[in-house]
Amino acid sequence: MTLLYFPGFGGTKNSETFKKIVKKYENSEIIIYDNFNAEKAFREIRNQIGKYLTEDILLVGQSLGGFWAEYLAVKLGFNLILINPSLEPHESLKKYDLSAENLNSFKNFKTEKLPKSKISIILSKNDTIVNPKPVFEKYENFVDFKFVEGDHKLTEFETLFREIEKMKSEND
């Protein structure tokens with residue numbers, strides 16, 4: 001199984017979460033994309049994931065990366081783990097002074113559909129960056145949420161690793 005990690009706003013290969021994932025799961029890749037314009041981000045994501053489409057894939061999306069991972073899970077049917085996902089980036093990214101045009105570009109990729117694949121959602125109990133209400137409203141009857149201590153940045157990696165192992169074992 002190939003694990004594709006979608007980091008949050010400004011995420012890079014040097015992100016702590018990706019470093020921990022790749023150390024434990026060698027068959028992991030990070031998907032880097034434009035954080036300001038959704039149309040450009042989608043083109044970049046599409047170009048990067050194309051070579052994996054025939055593989056067994058697990059998407060892991062954190063914050064803004066959760067928005068993109070959810071979108072792809074709905075469209076392509078991949079299993080999905082969301083970590084403090086920003087399902088409404090047109091709202092949550094306002095603090096980064098994006099233009100109204102760029103903020104609105106995310107609405108073109110917002111989906112009300114639920115993925116038909118397996119889903120796990122990890123939420124920090126004290127997230128002050130992304131409002132979890134849209135996640136609760138969308139998934140409350142479909143997912144058992146996993147709650148971890150801390151703020152928006154994931155620090156409790158064992159919960160993530162347990163969810164990855166669960167997804168891997170259900171696919172074997």
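It should be noted that the structure appears before, not after, this text.
Note that the structure is a prediction, hence the values are computed from the model and not measured. (Residues numbered from 1 in each chain as written. Predicted model: local features only at pLDDT ≥ 70, side-chain atom pairs only at ≥ 80, totals over all residues. Heavy atoms only, no water.)

### Things to note about the overall build of the protein
Assigned secondary structure in the protein consists of 7 helices and 6 strands. Seen in sequence order, the protein has helices and strands lined up from the N terminus as β-α-β-α-β-α-β-α-α-β-α-β-α. For 172 residues, the compact-globule formula gives about 16 Å, and the C-alpha radius of gyration of the protein, at 15 Å, lands near that figure. The buried share of the protein, taken over its 172 residues, is 52%. Contacts in the protein between residues at least 24 apart in sequence constitute 65% of all its contacts with a sequence separation of at least 6. For the protein, the computed accessible surface area is about 8,700 Å², with 46% contributed by carbon and sulfur atoms. Seen as two clouds, the 25 positive and the 26 negative side-chain charges of the protein have centres 2 Å apart. (Helix = DSSP H or I, 4+ residues; strand = E, 2+ residues; numbered from the N terminus. Rg over C-alpha atoms; globule rule 2.2 N^0.38 Å. Buried < 20%, exposed > 50% of the residue type's maximum accessible area, 1.4 Å probe, protein only. Contact = heavy atoms within 4.5 Å. Areas by Shrake-Rupley, 256 points an atom, 1.4 Å probe, with all protein chains shown as cover. Lys, Arg positive; Asp, Glu negative; His and termini not counted. Charge placed at Lys NZ, Arg CZ, Asp CG, Glu CD.)

### Topic: helix 1 (residues 16–24)
Buried residues of helix 1: Thr 17, Phe 18 and Ile 21, and no others. For helix 1, the arc enclosing every buried residue in end-on projection is 95°, short of the 170-degree limit, so these residues lie on one face. In the core, the buried residues of helix 1 are packed alongside strand 1 (2–6), strand 2 (28–30), strand 3 (57–62) and helix 7 (157–171). (Arc of directions from axis to C-beta.)

### Some remarks on the packing of helix 1 against helix 7
If you want to describe how two helices pack, look at the angle between their axes and the distance between the axes. Packing of helix 1 against helix 7 brings their axes to within 11 Å, and their N-to-C directions diverge by 45°. By the angle between their directions, the pair helix 1 and helix 7 is classed as oblique. Relative to helix 7, the crossing made by helix 1 is right-handed. Here helix 1 contributes Glu 16, Thr 17, Lys 20, Ile 21 and Lys 24 to the contact with helix 7, which in turn contributes Phe 157, Leu 160 and Phe 161. Here the contact of helix 1 with helix 7 is composed, by residue class, of 4 nonpolar, 1 polar and 3 charged. (Axes fitted to C-alpha atoms, helices over the stretch in contact; angles between N-to-C directions. Parallel < 35°, antiparallel > 145°, perpendicular 65-115°, else oblique. Left-handed = near helix turned anticlockwise from the far one by under 90°. Nonpolar A, V, L, I, M, F, W, Y, C, P; charged D, E, K, R; others polar.)

### Side note on the sheet that holds strand 1
Strands sit in the order 2-1-3-4-5-6 across an open sheet of 6 strands; the sheet is parallel. Unpaired on one side and paired on the other, strand 2 and strand 6 (146–148) mark the two borders of the sheet. Taking each pair of neighbouring strands and ignoring which way they run, the sheet shows an average axis angle of 20°. By the bridge criterion, 5 bridges tie strand 1 to strand 3 in an arrangement that is parallel. (Pairing = 2+ DSSP bridges.)

### Quick look at the packing of aromatic side chains
Under the counting rule described, the total for this entry stands at 17 aromatic pairs. With 5.9 Å between their ring centres and 70° between their planes, Phe 67 and Phe 106 make a pair best called edge-to-face. You can see Phe 67 sitting in helix 3 (residues 64–76) and its partner Phe 106 sitting in the loop between helix 5 (100–105) and strand 5 (119–124), a full 39 residues away along the chain. Per residue, the accessibility class of Phe 67 equals that of Phe 106, and both read buried. (Phe/Tyr/Trp six-rings, centres within 6.5 Å; stacked < 30°, edge-to-face > 60°.)

### Describing the nonpolar core
In this structure, Leu 4, Phe 6, Ile 45, Leu 59, Trp 68, Phe 106 and Ile 121 are the most contacted members of the largest nonpolar core, which totals 34 residues. Elements that contribute at least two residues to this core include exactly strand 1, helix 2 (38–49), strand 3, helix 3, strand 4 (79–83), strand 5 and helix 6 (133–139). Ranked by residues supplied to this core, first place goes to helix 3 with 7 residues. Contact partners of Ile 121, with chain neighbours within four places excluded, come to Leu 82, Pro 85, Val 135, Tyr 139, Val 143, Asp 144, Phe 145 and Lys 146. (Core = buried A, V, L, I, M, F, W, Y, C linked by side-chain atoms within 4.5 Å.)

### Section: unusual backbone geometry
What you tend to see is this: most non-glycine residues have negative phi, and most peptide bonds are trans. Located in the positive-phi region is Asn 84, a residue other than glycine, with phi close to 40°. Among the secondary structure elements, Asn 84 is positioned in the loop between strand 4 and helix 4 (89–92). We classify Asn 84 as buried; its relative accessible area is 2%. Its identity is not glycine, yet Asp 97 carries a phi of approximately 55°, on the positive side. Considering the arrangement of structural elements, one finds Asp 97 in the loop between helix 4 and helix 5.

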